[in-house]
Amino acid sequence: MKLSLLSVGITTIALFSSCVTSAAMRQYSANADTSQWHVVKTTRLQCQLNHEVPYYGEAIFSANASKNKDVLFNLDMVVRPDNYSVAGLKAVPPTWRAGRPARDLANMKLLRKFDGELGNQTAWEMLTELEKGYHPTFYYQDWQNSADKIAVGISSVNFKQAYWAFLQCRDELLPYSFEDISFTVMNYQSNSSKLTKSSQQRLDKIAEYLKNDSTIESISIDSYTDSYGGRWNNLDLSRKRAKAIKDYMVSLGVDENKVKTTGFGEKRFVDTNDNILGRDKNRRLVIQIAKM
């Protein structure tokens, strides 16, 4: 009888401890009825895959125009951390796979007054776990109540179709970024106002980028010549070349008031004018682009 009472007492304590532990864990996650995923695409410069976490914030996967088109993850919190900490990230099996263990994925730094962020490798791992039906879940100590822990789950319900749309959107992003085109030096063919083949390709890239970015603040176009042809003729030629590029950009929809052109003629050589190679370098056009 004593052993039986002792057994009951231990069981009661275990259940009580379990209830206390459960009560100390505040959980945030969308359920099967509220889980929604949305793809946000406005241009060929960025794609986002967004998922609202009710009463907590938003989980955002994003990819930007660039050579690699890396995917980044952002945990947008309505209430940001008050101090510095670390959140553990696990892939938690869905209820219909309850017998399987959760898998550790990574740790995410929590910085004071900042959202949580993860890089390309972990973001892709999260996406593949979601595709399998698992729920990537963050666990961390609450910075507002030392007695509580927080669990933030990302639901895989309704994920796959939006994920496929996100992958297609990412595939259509430009394979270069603003940094790749913000400063460009182009050259002209000898005795011609035509750009070299490689320079024309660069201009085409800039043109495609400008079609998609409405945040361009200013474009500076500086044109230079070599020393052959006469000083005043070269000055006039450099001005005409710069204006021709400006007209081209304006035809793409760029506000002409944002484009400034300067023709320097023979001034500011970057190489000698005594040989063909040097003169090729001096016949150049420099484009500098700034964003808001």
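A few points on the structure. For every chain, the first residue of the written sequence is number 1, and numbering continues from 1 onward in sequence order. Per-residue local features of the predicted model are confined to residues with pLDDT of at least 70, and side-chain atom pairs are confined, for both listing and counting, to 80 or more; whole-chain, interface and lining totals are unaffected and use all residues. Side-chain descriptors were evaluated using all non-hydrogen atoms of the structure, hydrogens and water having been removed beforehand.

Bringing the overall build of the protein into the picture now. Looking only at helices and strands, one finds seven helices and 14 strands in the protein. Expected size for 292 residues packed as a compact globule is a radius of gyration near 19 Å; at 29 Å, the protein overshoots this value by more than 25%. Counting over 292 residues, the protein shows a buried share of 40%. We call two residues contacting when some pair of their heavy atoms lies within 4.5 Å. Partitioning the intrachain contacts of the protein with sequence separation of at least 6 by distance along the chain shows that 66% fall at a separation of at least 24. With the model as given, the accessible surface of the protein reaches about 17000 Å², and the carbon-plus-sulfur share is 52%. When charges are counted, neither His nor the chain ends are considered; positive counts come from Lys and Arg and negative counts from Asp and Glu. Charged groups are reduced to one reference atom each: NZ for lysine, CZ for arginine, CG for aspartic acid, CD for glutamic acid. In the protein, 38 positive and 32 negative side-chain charges are present, and the distance between their average locations comes to 3 Å. Put simply, DSSP marks the helices as runs of H or I at least four residues long and the strands as runs of E at least two long, and each gets a number from the N terminus on. All radius of gyration figures rest on C-alpha atoms, and the globule criterion is 2.2 Å times the number of residues raised to 0.38. Think of it in three bands: residues with accessible area under 20% of the maximum for their type are buried, residues over 50% are exposed, and the middle band is partly exposed, with areas taken using a 1.4 Å probe on protein chains only. Only the protein chains shown count as covering a residue, and every accessible area follows the Shrake-Rupley method with a 1.4 Å probe.

Attention now goes to the layout of surface pockets. In this structure, the largest pocket occupies an estimated 340 Å³ of space. In this structure, the largest pocket is lined by 24 residues; those nearest its centre are S29, A30, H135, T137 and G153. When residues of the lining of the largest pocket are traced back to their parent elements, those giving at least two are β1 (25–28), α2 (120–131), β9 (135–141) and β10 (149–153). Using only the protein atoms, space was sampled on a 1 Å grid; points where a 1.4 Å probe fits but cannot get out form cavities, open sets with protein on both sides within 12 Å along at least five of seven lines form pockets, and lining residues are those with an atom within 4 Å of a point. Grid points are joined across faces, edges and corners, and a volume is the space filled by probe spheres set on the points. Of the voids in this model, the second largest pocket is the one considered here, and its volume is about 260 Å³. T43, L45, Q46, N64 and K291 are the residues nearest the centre of the second largest pocket, which is lined by 17 residues in total.

We now examine a nonpolar patch on the surface. Residues enter a patch when their relative accessible area is above 30% and they make no salt bridge; the linking distance is 9 Å between like charges and 5 Å between nonpolar side chains (Val, Leu, Ile, Met, Phe, Trp, Tyr). Any Lys or Arg side-chain nitrogen found within 4 Å of a carboxyl oxygen on Asp or Glu counts as a salt bridge. Taken together, the side chains of Y84, L111 and F114 define a hydrophobic patch exposed on the protein surface, amounting to about 360 Å² of accessible area. By the element assignment, F114 lies in the loop between β7 (103–110) and β8 (116–118).

This part covers the pairing of strand β14 (residues 284–291). Only when DSSP finds a minimum of two bridges between them are two strands counted as paired. Across five bridges, the pairing between strand β11 (residues 183–187) and β14 is antiparallel. If you follow T184 over to β14, its bridge partner there is I287.

Further remarks concern the sheet that holds β14. With mixed pairing, four strands are arranged side by side in an open sheet as β11-β14-β12-β13. The open sheet terminates on both sides in strands that have one partner only, identified here as β11 and β13 (259–265). Between one strand axis and the next, the sheet turns through 15° on average, direction left out of account. The sheet contact formed by strand β12 (residues 216–224) and β14 spans seven bridges and is antiparallel. If you follow I221 over to β14, its bridge partner there is I287. The angle between two axes is taken between their N-to-C directions and runs from 0 to 180 degrees, where each axis is a line fitted to C-alpha atoms and a helix contributes only its stretch in contact. Set on the sheet, helix α5 (residues 197–212) makes contact with β11, β12 and β14; between it and β11 the angle comes to about 145°. Running at roughly 160° to β13, helix α6 (residues 231–251) makes contact with β12, β13 and β14 of the sheet.

Moving on: unusual backbone geometry. Residues other than glycine predominantly adopt negative phi, and peptide bonds predominantly adopt the trans conformation. Although it is not a glycine, K113 adopts a positive phi angle of roughly 70°. Inspection of the secondary structure puts K113 in the loop between β7 and β8. For K113, a relative accessible area of 46% gives the class partly exposed. Non-glycine residue N158 carries a positive phi angle of around 65°. Locating N158 in the fold gives a position in the loop between β10 and α3 (160–171). Note on N158: relative accessible area 45%, which makes it partly exposed.

This part is about α6. Every α-helical turn comprises 3.6 residues, leaving residues that sit three or four positions apart pointing alike. Multiplying one less than the number of residues by 1.5 Å gives the expected span of a helix. If you check α6, its first and last C-alpha atoms are 31 Å apart, about what 21 residues at 1.5 Å a residue would give, namely 30 Å. Buried within α6 we find N234, L235, S238, R241, A242, I245, K246 and M249. Taken end-on, α6 shows its buried residues confined to a sector of 135°, consistent with a single buried face. Turned more than 90 degrees off the buried face of α6, the exposed positions are W232, N233, K240 and S251. Packed against the buried residues of α6 are α5, β12, β13 and β14. Think of the arc as the fan of directions from the helix axis to the C-beta atoms.

Any functional reading would require information that these geometric values do not contain.
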